[in-house]
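# Per-entry structural report
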Amino acid sequence: MPVVLPAHGPRGHRPRRSAVRAVASALTVALVAALPVTAAGAARPPASVADEPSSLSVRTAGDLRVSGKVRPATARPVRVERRVGDSWVTVATTRSNADGRFSAEVPTTLFVGRSRLRTLLPAAGGAPETVGDATTVTIRAKGKASSRSLLIPGKEAHRWDPCRTIDYRVNLRQAPPGTLGEVRGALRRVTMQSGLRFRYAGATGVVPGTRNGTYPPGTDLVLAWVRPGQSSHFPRGSGAAGFGGAYGSLTLDVNDRAVPTLSDGFVLIESGVYEKLDPGFGAGKPYGYSGTRGQLLMHEIGHAVGMGHADRDRGQVMYPVMQDAPAVWGRGDAANLERLGLSAGCIAGPADARTTARRPGTPRVLAYLP
Ligand SMILES: [Zn+2]
């Protein structure tokens, strides 16, 4: 649904900010008056950051910049963050110049939908971290928010605990050079939309669904490039470009409630098809195989984090057939990733969840899709 914003956008905060500055200057004057003239560096005026997006609504691949001014005017690093659940995910970084001015280009192909954005000045050179006001912007995505399903159907989604990182390994023995960069690009898109975080744990010889399929300790997800029939999860003659999935089971949460969770995720990519696809996340070739390596990875990783297919909406990455279009999440994908990510809250809490007991006797369900 389109987001209707008031004519003045998010400017209601302006008077409040001037009020804060006025109080701050009054305080500075008072301090200076009360101190002997020899006191050096007594009152540093508090920093502030004012920002303005170039647009409140933009199409995917459109131009979205956040520009503004840092006070007092100094050259400092500036971060633009997006609210996901109760957290903020960094979406752009830049620096202010000596006049305090900055402009950050916000990506419009890595996440979509209605987003709360804010600017932040990280603590630097003795200056404390300073947060600016938040603004709501919309990156308009394709299709319908209802175009989505779960990898393991049910009232409650089987999902990863978004409050711990998902440690992944790659088996690139049958993958072309540059593949790890594309894996990182696809995972970054999952992170920006869902808040799920991934950590590279290194290379592995493991092929999920084979006798050599046991994950090294501390490995949550394995991505492997295979030939059809090489893994029991990748039947010969399936005609698939890849398979993605995970095991579902019930885990006790912080309140001792059994909640559906995912573990031992996997992505199997058909190396012959992958070789023929265009690299990156663009529109791909105008003939031959549709789509890109990036699109295939986003789709299969989408399964590994709990998404099923969007069977009737070609605007979704989770549509079961590769599309002749840039690899950008659709509205259904985005809604699904948000339900599976940080917006849905922690499962085991921020503490190390590896100690979480699996409920005895809970069956683990293997679920995966091409
Ligand atoms: Zn699929």
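The rules behind each value
- Residues numbered from 1 in each chain as written.
- Predicted model: local features only at pLDDT ≥ 70, side-chain atom pairs only at ≥ 80, totals over all residues.
- Heavy atoms only, no water.
- Pairing = 2+ DSSP bridges.
- Helix = DSSP H or I, 4+ residues; strand = E, 2+ residues; numbered from the N terminus.
- Axes fitted to C-alpha atoms, helices over the stretch in contact; angles between N-to-C directions.
- Contact = heavy atoms within 4.5 Å.
- Donors = N, O, S within 2.8 Å, 3.2 Å for Na, K, Ca; no water.
- Tetrahedral: all angles 85-135°; square planar, octahedral: opposite > 155°, others 65-115°.
- Buried < 20%, exposed > 50% of the residue type's maximum accessible area, 1.4 Å probe, protein only.
- Disulfide = S-S within 2.5 Å.
- Phe/Tyr/Trp six-rings, centres within 6.5 Å; stacked < 30°, edge-to-face > 60°.
- Lys NZ or Arg CZ within 6 Å of the ring centre and 35° of its normal.
- Parallel < 35°, antiparallel > 145°, perpendicular 65-115°, else oblique.
- Left-handed = near helix turned anticlockwise from the far one by under 90°.
- Nonpolar A, V, L, I, M, F, W, Y, C, P; charged D, E, K, R; others polar.
- 1 Å grid on protein atoms, 1.4 Å probe; cavity = no way out; pocket = protein on both sides within 12 Å on 5 of 7 lines; lining within 4 Å.
- Points joined across faces, edges and corners; volume = space filled by probe spheres on them.

Taken in spatial order, the five strands line up as S2-S8-S7-S4-S5 in an open sheet, and their pairing is mixed. The open sheet terminates on both sides in strands that have one partner only, identified here as strand S2 (57-59) and strand S5 (87-95). Taking each pair of neighbouring strands and ignoring which way they run, the sheet shows an average axis angle of 35 degrees. Of the strand pairs in this sheet, S2 and strand S8 (residues 130-140) are connected by three bridges, and their pairing is parallel. Bridging from a neighbouring strand, Ser57 pairs with Thr138 of S8. The strands that helix H2 (residues 179-194) touches are strand S4 (77-84) and S5; relative to S4, the one it contacts most, it runs at about 70 degrees.

In ideal tetrahedral geometry, four donors around a metal make angles of 109.5 degrees, whereas ideal octahedral geometry with six donors gives angles of 90 or 180 degrees. All of the protein donors around the zinc ion are His299 (NE2), His303 (NE2), His309 (NE2) and Pro370 (O); their distances to the metal are 1.8 to 2.0 Å. Its four donor atoms give the zinc ion angles of 98 to 127 degrees at the centre, a pattern that matches the tetrahedral case. Positions of the donor residues of the zinc ion along the chain correspond to the pattern H-x3-H-x5-H-x60-P. Pair noted here: His303 is in helix H4 (residues 293-304) and Pro370 is in the segment after strand S14 (365-369), with a separation of 67 residues, a long-range link. With relative accessibility at 0%, the residue His303 sits in the buried group.

Attention now moves to the environment of Ile139. Relative to the assigned elements, Ile139 resides in strand S8. Expressed as a C-alpha distance, the spacing of Ile139 and Ser115, which sit 24 residues apart in the sequence, is 7.9 Å. When neighbours within four sequence positions are excluded, Ile139 is seen to be in contact with Val58, Arg59, Thr60, Leu64, Pro107, Thr108, Phe111, Val112 and Gly113.

The next point concerns the state of the cysteines. Chemically, a disulfide is nothing more than a covalent bond linking the sulfur atoms of two cysteines. Summed over the entire model, instances satisfying the criterion amount to one disulfide. Residue Cys163 pairs covalently with Cys346 via a disulfide, S to S 1.8 Å. The sign of the S-S torsion, about -80 degrees, decides the handedness of the disulfide formed by Cys163 and Cys346: left-handed. One end of the pair, Cys163, is in the loop between S8 and strand S9 (166-171); the other, Cys346, is in the loop between helix H5 (331-340) and S14, and 183 residues separate them in sequence.

All right, on to the packing of aromatic side chains then. In total, this model carries five aromatic pairs according to the counting rule given. Taken together, the ring pairs in this structure connect Phe234, Phe243, Phe266 and Tyr368 into an aromatic cluster. Above the plane of the ring of Phe281 lies Arg189, whose end atom (NZ or CZ) is 3.7 Å from the centre. One Lys or Arg, Arg364, reaches over the ring of Tyr247 and ends 4.5 Å from the middle of that ring.

To describe two helices that pack against each other, one gives the angle between their axes and the distance between the axes. Direction vectors running N to C along H2 and H4 enclose 50 degrees, while the axes themselves pass 9 Å from each other. Of the possible angle classes, the one that applies to H2 and H4 is oblique. In the packing of H2 onto H4, the handedness of the crossing is right-handed. Contacts between H2 and H4 involve Glu182, Val183, Ala186, Leu187, Arg189 and Val190 from the former and Arg293, Leu297, Met298 and Ile301 from the latter. Its residues assigned to classes, the contact of H2 with H4 shows seven nonpolar, no polar and three charged.

Next up on the list: the sheet that holds strand S10 (residues 198-203). Taken in spatial order, the six strands make up an open sheet running S10-S9-S11-S13-S12-S14, and their pairing is mixed. Every other strand in the sheet has two partners, leaving S10 and S14 as the edge strands with one partner each. Each strand axis lies, on average, 25 degrees off the axis of its neighbour in the sheet, ignoring direction. Sheet analysis places strand S11 (residues 221-226) next to strand S13 (residues 258-270), joined by six bridges and oriented parallel. Bridge pairing in S13 places Leu221 opposite Gly265.

What follows covers empty space enclosed by the protein. Taken as a whole and assessed by the stated rule, the structure comprises two cavities of 30 Å³ or more. Of the pockets and cavities examined, the largest cavity occupies roughly 40 Å³. As for the largest cavity, its lining consists of Asp51, Pro53, Val66, Leu117, Arg118, Thr119 and Thr135. Listing elements by their share of the lining of the largest cavity, those giving two or more residues are strand S1 (48-53) and strand S7 (113-121). Among the elements that take part in the lining of the largest cavity, S7 stands out by supplying three residues, more than any other. Of the residues that constitute the lining of the largest cavity, the class distribution is three nonpolar, two polar and two charged.

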